[in-house]
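Letter by letter, the chains look like this.
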Amino acid sequence: MTDSPLLTVQELKQYSESDHGRIFTSLLVVKRLTAKTASNGNPFLSAELGDRGGSFSCTIFGDSPAFELLKSTGEGGVVRFEGKVEFYQDRFSPRTVRLTVISEDELTAQPDAIRNLVEVAPEDPEVLWSEFNDFIDGIKHDELRMTVRTVFEEIGETFRWSPAAVAMHHAYRHGLLEHTVHMARVAHAILPLYQEVDSDLAMAGILVHDTGKTIEYEGTLASKRSRHGILQGHVVLGYQLVRKAGLKAKLDSDHLERLEHIVLSHQGEPAWGAAIYAATPEAVFVSMVDNLDAKMGMVQRLLRQSDGTADFSERHFGLNSQLLLPKPGQ
């Protein structure tokens, strides 16, 4: 690596149209990489590059020296990105000047660089994990509680550091744990309002609903879908984990079927990945709480990544809108 100053994504996003053409250098993780073909038949790559403070998208055309280099590096690789400030539809979208792949040995020699690359949940994961276990202990139905415990014995430590998504919500280290604990907090607060919902079953469903994501995603610096994730998806993978654990815990068939249904339906709509629409009080409840925390997770992340200078974020695909960033009265 050279001694050129390395700018973070948050620093890059302070640039404006007046900085057009300025050259910069950053150390970035390849978060997403999609091969596409232009209308004229020429190939190009749509890339999302980022660090712990955010990410940006850029396009690398087939005639660029960076094209084959980035394609061979793939998602999860680390690159030294030298670029030129440009904007596309008011979004920061730099042009690639030079790309250098950073080896694992080079990264290992610079632990500060790794810490700057990996986005982590803002809450202490140890505190989250302790609270998570308290929610398991709070399930009064013995076989339900044992089923939940058995699931997490099966997937081990992976759940504690896994992201909840590749890009959409809680897409960072410990994000899955954070998302699940946030859902459990919401459920604990509002379950008394809905006496029709079995609280033990709903809480068990919340705690296991996304466990298939520990198999769906893989990678250390950036997450991508695994072979199992592509071929089966986290809903089916989670169903398999829950069914195996429920049979081992000797959970009665009615509770097991209802718990499996929560996992199969929690995505809400088949177009969003659900295997079936929610058809029990508990499944409807979990699906709604899941959607609430996913959306608020997007909001929280946009607010964290704001540098305080802009009124609105860039348009967020999951929210289908820009987000107003200043607090009321500011």
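To be clear, the structure that these remarks concern was listed above.
The rules behind these values
- Residues numbered from 1 in each chain as written.
- Predicted model: local features only at pLDDT ≥ 70, side-chain atom pairs only at ≥ 80, totals over all residues.
- Heavy atoms only, no water.
- Helix = DSSP H or I, 4+ residues; strand = E, 2+ residues; numbered from the N terminus.
- Buried < 20%, exposed > 50% of the residue type's maximum accessible area, 1.4 Å probe, protein only.
- Pairing = 2+ DSSP bridges.
- Axes fitted to C-alpha atoms, helices over the stretch in contact; angles between N-to-C directions.
- Contact = heavy atoms within 4.5 Å.
- Core = buried A, V, L, I, M, F, W, Y, C linked by side-chain atoms within 4.5 Å.
- Phe/Tyr/Trp six-rings, centres within 6.5 Å; stacked < 30°, edge-to-face > 60°.
- Polar contact = N/O pair within 3.5 Å; in protein donor to acceptor, adjacent residues only side chain to side chain.
- Parallel < 35°, antiparallel > 145°, perpendicular 65-115°, else oblique.
- Left-handed = near helix turned anticlockwise from the far one by under 90°.
- Nonpolar A, V, L, I, M, F, W, Y, C, P; charged D, E, K, R; others polar.

A.B. asks: Go over the environment of Ala165 with me, naming the residues and quoting the values.
C.D. replies: Residue position: Ala165 is located in the loop between α7 (158-161) and α8 (175-190). On the basis of relative accessibility, which here comes to 9%, the residue Ala165 falls in the buried class. Spatially, the C-alpha atom of Ala165 lies 7.9 Å from that of Lys213, the residues being 48 residues apart in sequence.

A.B. asks: So what's going on with the sheet that holds strand β3 (residues 54-61)? Which residues, and what values?
C.D. replies: Pairing within the open sheet is antiparallel, and its five strands lie in the order β3-β2-β1-β4-β7. At either end of the open sheet lies a strand with only one pairing partner, and these are β3 and β7 (95-101). Each strand of the sheet is rotated relative to its neighbour by a mean of 40°, with strand direction disregarded. Examined bridge by bridge, strand β4 (residues 78-84) and β7 share six bridges and lie antiparallel to one another. Looking across to β7, one finds that Phe81 is bridged to Leu99. The sheet contacts of helix α2 (residues 65-73) involve β1 (23-37), β2 (43-51), β3, β4 and β7, and relative to β7 the element is tilted by about 50°.

A.B. asks: I'd like a description of the nonpolar core, backed by residues and values.
C.D. replies: The biggest cluster of nonpolar side chains holds 40 residues, and the ones touching the most others in it are Phe132, Phe152, Leu207 and Phe285. Look past the residues within four positions of Phe152 in its chain and what remains in contact with it is Phe132, Ile136, Phe159, Leu207, Val208 and Thr211. With 21 residues, the next largest nonpolar core counts Leu33, Leu49, Cys58 and Val79 among its residues.

A.B. asks: Run through the packing of aromatic side chains, naming residues and quoting values.
C.D. replies: Per the stated rule, a full pass over the model turns up twelve aromatic pairs. Judged by centre distance (4.8 Å) and plane angle (75°), the rings of Phe152 and Phe159 are edge-to-face. Note on Phe152: relative accessible area 9%, which makes it buried. The exposure class of Phe159 is buried, given its relative accessible area of 1%. Chaining the aromatic ring pairs together yields one cluster made of Phe24, Phe56, Phe81, Phe87 and Phe92.

A.B. asks: Quick one: what's the story with the side chain of Asp210, residue by residue and with numbers?
C.D. replies: Inspection of the secondary structure puts Asp210 in the loop between α9 (199-208) and α10 (213-216). Overall, the relative accessible area of 2% leaves Asp210 in the buried class. Residues within four places of Asp210 in sequence aside, it is in contact with Leu176, His179, His234 and His266.

A.B. asks: Tell me about α9, and please be specific about residues and values.
C.D. replies: Along α9, nine of the ten residues are buried, which leaves the element largely enclosed by surrounding structure. Looking at α9, one finds that the buried residues are Asp200, Leu201, Ala202, Met203, Ala204, Gly205, Ile206, Leu207 and Val208. Residue Asp198 occupies the N-cap position of α9, its side-chain oxygen lying 3.2 Å from the main-chain nitrogen of Asp200.

A.B. asks: Can you lay out the packing of α9 against helix α13 (residues 253-265) for me, pointing to particular residues and giving the numbers?
C.D. replies: At a minimum axis distance of 9 Å, the contact between α9 and α13 shows a crossing angle of 45°. With respect to α13, the axis of α9 lies oblique. Crossing geometry of α9 relative to α13 is assigned as right-handed. Contacts from Leu201, Ala204, Gly205 and Val208 of α9 reach α13 at His255, Arg258, Leu259, Ile262 and Val263. Considered class by class, the residues forming the contact of α9 with α13 number six nonpolar, two polar and one charged.

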